[in-house]
Each structure stands twice: as C-alpha cells, then as structure tokens.
Amino acid sequence: MKVYNTMSKQKEEFETIEPGVVRMYVCGPTVYNLIHIGNARPMIFFDTVRRYFEYRGYKVNYVSNFTDVDDKIIKAANEEGVDPSVISERYIAECKKDMASLNILPATVHPKATEEIDGMIDMISTLIDKGFAYRAEDGTVYYRTRKFRDYGKLSHKDIDDLRSGERALLVTGEDQKEDPLDFVLWKPKKEGEPYWESPWCQGRPGWHIECSVMSRKYLGDSMDIHGGGEDLVFPHHENEIAQSEAATGNEPFAKYWMHNAFLNIDSHKMSKSAGNFFTVRDILKKYDPQVLRFFMLSAHYRNPLNFSAELMQNAENGYTRIVNCAEDISFRMEKADKTGVTPDEEKLLEEAGRFRESFIEVMDDDLNTADAIAAVFDLVRFINSNMHEGASAEYLGKLKDLLKELTDVLGLIVFREKEELSDSGIESLIEERQQARKDKNFARADEIRDTLKEMGIILEDTKDGVKWKRARAT
Ligand code: AMP
Ligand code: ZN
C-alpha cells in the first residue's frame with residue numbers, strides 16, 4: 001500500500017512502526033461554534049482511512065483532539081456572558097452529534113486540551129531545559145525556532161525566507177522575542193481569561209504545544225500518521241515537529257504526513273463575511289447525511305472539492321443508485337425460494353470478486369476514494385444485471401454481503417434496518433423539542449415533530465406536558 005507523504009512530496013510504501021498497528025493523530029476542531037462543512041472533510045476522510053486500515057486487518061489507535069481553550073472560545077463566552085467551558089462543552093456535544101449523523105466512528109481517544117495542561121507544562125519545561133525555549137519578561141514562553149536545525153522540513157520552507165506575521169506567530173509581547181520567527185508555547189492571562197498556574201506565569205498554552213503533548217501521551221514518541229487539512233502544514237504542523245522532536249530527541253515525530261485539500265463553495269473560499277458559510281447542520285436540513293458523506297468521498301482527498309447544489313445533486317443520485325440496488329437485492333433475497341448456489345452462480349460470484357480486488361487496488365494507491373466509489377458502481381451495475389429470475393438465496397446473499405463489505409469500508413450506510421426508536425430516544429427528542437420551543441427555535445421544534453411523526457410517534461401537548469404514543473400500537 002502507498003500513501004502520499006507531505007514530507008517527501010511522494011507516494012511512499014506504507015509500513016507501520018509496530019507490526020499490525022496503525023497509530024494516527026488528526027487535528028480536531030476548535031469548538032466555539034457548530035462545525036462547518038469544511039471541517040467535515042478531514043473528519044470523514046480520516047474516518048475512512050481508519051476504516052480501511054481496520055478492513056485490512058490493522059488495529060488502529062486513532063486520536064483526535066478538541067481544542068477547547070482559544071481566543072475565539074473566550075470571545076464567544078464573553079458575548080454570551082458564560083464561562084468558556086460552557087461554550088466548548090456545548091460545541092463538543094454538538095460536534096459529536098454531527099459526527100454520529102455522518103457515520104464517523106468515535107476516535108479511540110478524543111483528548112481535550114484543557115485536560116492535558118500538566119503535560120504541556122512538562123514539555124515546555126523540557127524545552128527550556130534543553131535550550132529550545134525561553135521565558136520573556138512578561139511570562140510568555142517562546143520556542144527558539146532557529147535552534148531547531150530542521151525547521152521548515154515539512155512545509156519545504158527555507159527558514160531564512162520566512163517572515164513573522166503568520167496567524168499563530170503574532171501575539172502579545174511580540175517585541176520581547178529574540179527572533180521574529182519564535183512562536184508562543186505559553187502566554188500570560190489577560191483580564192477575564194481562563195488560566196492555569198505554571199512556573200512562568202498564570203496563563204494558558206499556545207495552540208501548537210497541545211497537539212505535540214496529546215499525540216505523545218496517547219501514541220508515544222513516534223506515530224505512523226499525522227493528518228489534518230492542508231492549512232495546518234505551516235505553521236501548525238511544522239511547529240509540532242519542532243517541539244516534539246526537540247523535546248523527545250526522537251525522530252521522526254510522525255512517519256507519514258497526510259493533508260486533505262480544501263473544500264470550497266461554488267469555487268470560492270468559504271467565509272462568513274462572504275455569506276457562503278455552511279455548517280454541517282445547515283446542510284443536513286436539506287440532504288441526507290449519507291449524501292454529504294458520499295459527496296466528500298467522491299473526490300480524491302488531495303484535490304480541492306467544490307461544494308455546489310449541482311454536485312450535491314449528483315452525489316444524491318449516485319448514493320440513491322447504490323441504495324436502490326441494496327433494497328432490490330434484499331427484497332429478492334427474502335423472496336427467493338431456491339437454496340444452494342448453482343455452478344453458473346458460482347462463476348458469477350467469482351466475477352463479482354473482481355470488484356473487491358479493484359476496490360482494494362485503488363484504496364491501496366493513496367486512499368483513492370473517488371475510484372473506490374467507481375468500483376462500487378461497477379459492482380452495482382453487475383448486481384443489477386445479474387439478479388436473474390429464480391436466483392438462489394445464497395447467491396443473492398453473497399452479492400449483498402459484498403456490497404455491504406465495500407460500502408461499510410467507506411462508512412456509507414446503504415442497507416437501512418427499519419429501526420424502532422426506543423422510548424428513551426423518543427423522550428430525549430421530545431426534550432430537545434421543548435428546549436427548541438423555549439429558545440423560540442420553532443423551525444427545529446417542528447422538524448423534530450415531523451421526524452417523530454415519520455417514525456409513527458404522535459405527540460399530544462397537554463396541560464401536564466407532552467404525551468406521546470406510537471401510531472402503530474402493537
Ligand atoms: P479548525 O477548527 O479551523 O482548526 O479546523 C479543524 C480541521 O478542519 C483542520 O484539520 C482544518 O484543516 C480543517 N478545515 C478547515 N476548513 C476547511 C475547509 N474549508 N476544507 C477542508 N478542511 C478544512
Ligand atoms: Zn494539531
């Protein structure tokens with residue numbers, strides 16, 4: 001199997017550090033708002049990478065953090081007049097709901113920055129002891145960038161060409177830096193900000209040190225894959241390397257660096273001020289979450305992906321084509337009265353196996369999900385033209401299993417069980433509806449009522465509160 005490594009700018013043969021185990025870390029979102037559809041791209045893609053490794057027999061230790069202390073979180077908290085943890089906890093919970101809708105498996109661990117402060121203080125102390133960091137007069141601790149000889153090796157930048165002024169480099173106390181390239185490891189608190197005690201001042205960690213510390217704690221000094229969106233290559237990942245390799249004395253911090261390209265809207269960069277900003281929640285009001293997942297995987301992860309109504313329509317058509325085939329084959333299998341695979345069917349099954357092989361071949365070539373979807377379409381076409389009259393149940397069952405096997409690797413749900421909602425599930429939706437009404441979010445309240453109605457649950461607003469019953473009483 002080959003993966004493209006941002007470090008070498010080449011596809012490289014993939015070999016894990018520890019046989020049979022993949023250790024991967026993917027930078028997660030800063031939680032001050034609902035996640036947007038750009039954030040969903042790395043989440044869906046790397047979830048698929050994890051699923052594929054598991055499919056190929058690896059054990060995967062997948063770590064993805066939540067950045068829950070940050071200027072934007074503090075700003076949102078001040079605007080609402082609440083503690084920053086109220087904001088971060090709220091949006092972690094909302095993010096997990098979106099992940100569940102998109103069939104993104106929970107990571108092995110989702111560490112939160114605020115719960116790992118001691119580790120950050122330890123690593124910063126080590127960096128100071130080794131001469132890679134220093135405390136400025138106001139208590140800020142800076143990383144001494146030029147001391148790390150390999151600085152720039154991931155982003156292929158020459159340190160002498162670098163200028164300060166990148167987003168994470170500019171901070172308070174700029175004038176106290178020894179060199180404009182030095183970046184912050186620890187910064188003093190400002191009035192009204194959350195802070196922790198440290199040997200340098202009451203303050204909080206810089207963003208880059210979080211990921212160095214959390215990845216080391218859960219994955220060790222070296223990991224197999226470090227991932228994230230391509231905007232993180234510089235300075236975030238470059239700084240993570242500088243911190244981790246200097247602190248541990250161990251190289252490489254990560255063996256393979258994988259970065260997804262950006263998602264744009266109608267060929268423009270998504271931005272709030274341009275009015276083309278969509279949360280996952282916005283999009284899921286209009287589309288099935290599986291359509292959004294299908295859409296994200298329909299391009300190779302290193303190619304930019306354009307979000308438009310037309311491309312979403314294509315995704316919906318493509319996804320529906322697979323679901324129709326899945327429903328058709330399930331229906332025929334239930335109705336089939338013959339058992340035992342015939343010799344002719346045996347041959348057809350052998351032919352169908354080819355689609356698994358091509359699926360694996362393209363996924364082995366740097367996780368080409370676009371071509372993997374094409375292989376699934378080939379299988380769908382094959383199934384549609386080979387569900388012959390009088391086919392045996394076993395034969396149909398094997399085709400069905402193959403379709404499920406491949407769509408499961410992509411995390412696409414195409415076989416839907418007709419599920420009954422549990423009583424507690426119904427009650428929590430009713431609670432959410434009550435809250436939405438209190439918040440005067442009537443659109444959401446009506447949406448929940450409609451969802452429940454579709455599932456055969458009838459609500460009755462009485463003076464003692466909301467009563468409910470199942471329409472199809474059994
Ligand atoms: P952030 O919360 O901005 O740190 O982003 C969390 C993750 O989403 C990072 O891996 C980013 O690189 C990624 N990301 C943010 N915006 C986009 C976008 N428009 N397209 C693809 N990935 C994105
Ligand atoms: Zn990170």
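Sequence order sets the numbering: in each chain, residues are counted from 1 along the sequence as written. Naming scheme: in the order in which they are written, chains are lettered from A and ligands are numbered from 1. Note on the predicted model: pLDDT of at least 70 is required for a residue's local features to be given, and 80 or more for side-chain atom pairs to be given and counted; whole-chain, interface and lining totals, by contrast, use all residues. Neither water nor hydrogens contribute to the side-chain values; these are computed over all heavy atoms in the structure.

1. Let's talk about the sheet that holds strand 7 (residues 183-188)
Alright, step 1. The pairing criterion for strands is at least two bridges between them, as found by DSSP. To qualify as a helix, a DSSP run of H or I must reach at least 4 residues; to qualify as a strand, a run of E must reach at least 2; elements of each kind are numbered from the N terminus. Ordered in space as 5-6-7-8, the four strands form an open sheet in which the pairing is antiparallel. Sheet topology places strand 5 (133-135) and strand 8 (203-205) at the edges, where each strand pairs with a single neighbour. When the angles between neighbouring strand axes are averaged without regard to direction, this sheet yields 20°.
Alright, step 2. Note on contacts: a residue pair qualifies if any of its non-hydrogen atoms lie within 4.5 Å across the two residues. As a rule, the C-alpha atoms of each element are fitted with a line to give its axis, helices using only the stretch in contact, and angles between N-to-C directions run from 0 to 180 degrees. Of the strands in this sheet, strand 5, strand 6 (141-143), strand 7 and strand 8 are in contact with helix 4 (residues 117-129), which crosses strand 7 at around 120°.

2. Thoughts on the packing of helix 1 (residues 37-55) against helix 8 (residues 289-297)
Alright, step 1. Close contact between helix 1 and helix 8 brings their axes to 10 Å; oriented N to C, the two are set at 80°. Taken together, the axes of helix 1 and helix 8 lie roughly perpendicular to each other. Every residue of helix 8 that contacts helix 1 at Ile37, Ala40, Arg41, Ile44, Phe45, Asp47, Thr48 and Arg51 is listed here: Leu292, Arg293, Met296 and Leu297.
Alright, step 2. In this classification, the charged set is Asp, Glu, Lys and Arg, the nonpolar set is Ala, Val, Leu, Ile, Met, Phe, Trp, Tyr, Cys and Pro, and all remaining amino acids, among them Gly, are polar. Broken down by class, the residue content of the contact of helix 1 with helix 8 amounts to seven nonpolar, one polar and four charged. Convention used here: angles under 35 degrees read as roughly parallel, angles over 145 as roughly antiparallel, angles from 65 to 115 as roughly perpendicular, and any remaining angle as oblique.

3. Here we look at the sheet that holds strand 3 (residues 21-26)
Alright, step 1. Strand order in the open sheet formed by four strands is 4-3-9-10, and the pairing between neighbours is parallel. Both edges of this open sheet fall to strand 4 (59-64) and strand 10 (254-260), since each of them pairs with a single strand only. When the angles between neighbouring strand axes are averaged without regard to direction, this sheet yields 20°.
Alright, step 2. The pairing of strand 3 with strand 9 (residues 223-229) spans three bridges and is classified as parallel. Across the sheet, the residue bridging to Met24 is Ile225, located in strand 9.
Alright, step 3. Taken strand by strand, helix 5 (residues 207-219) contacts strand 3, strand 4 and strand 9, and its axis lies near 160° from that of strand 3.
Alright, step 4. In the packing of helix 6 (residues 233-248) onto the sheet, the strands contacted are strand 9 and strand 10, and the crossing angle to strand 9 comes to about 155°.

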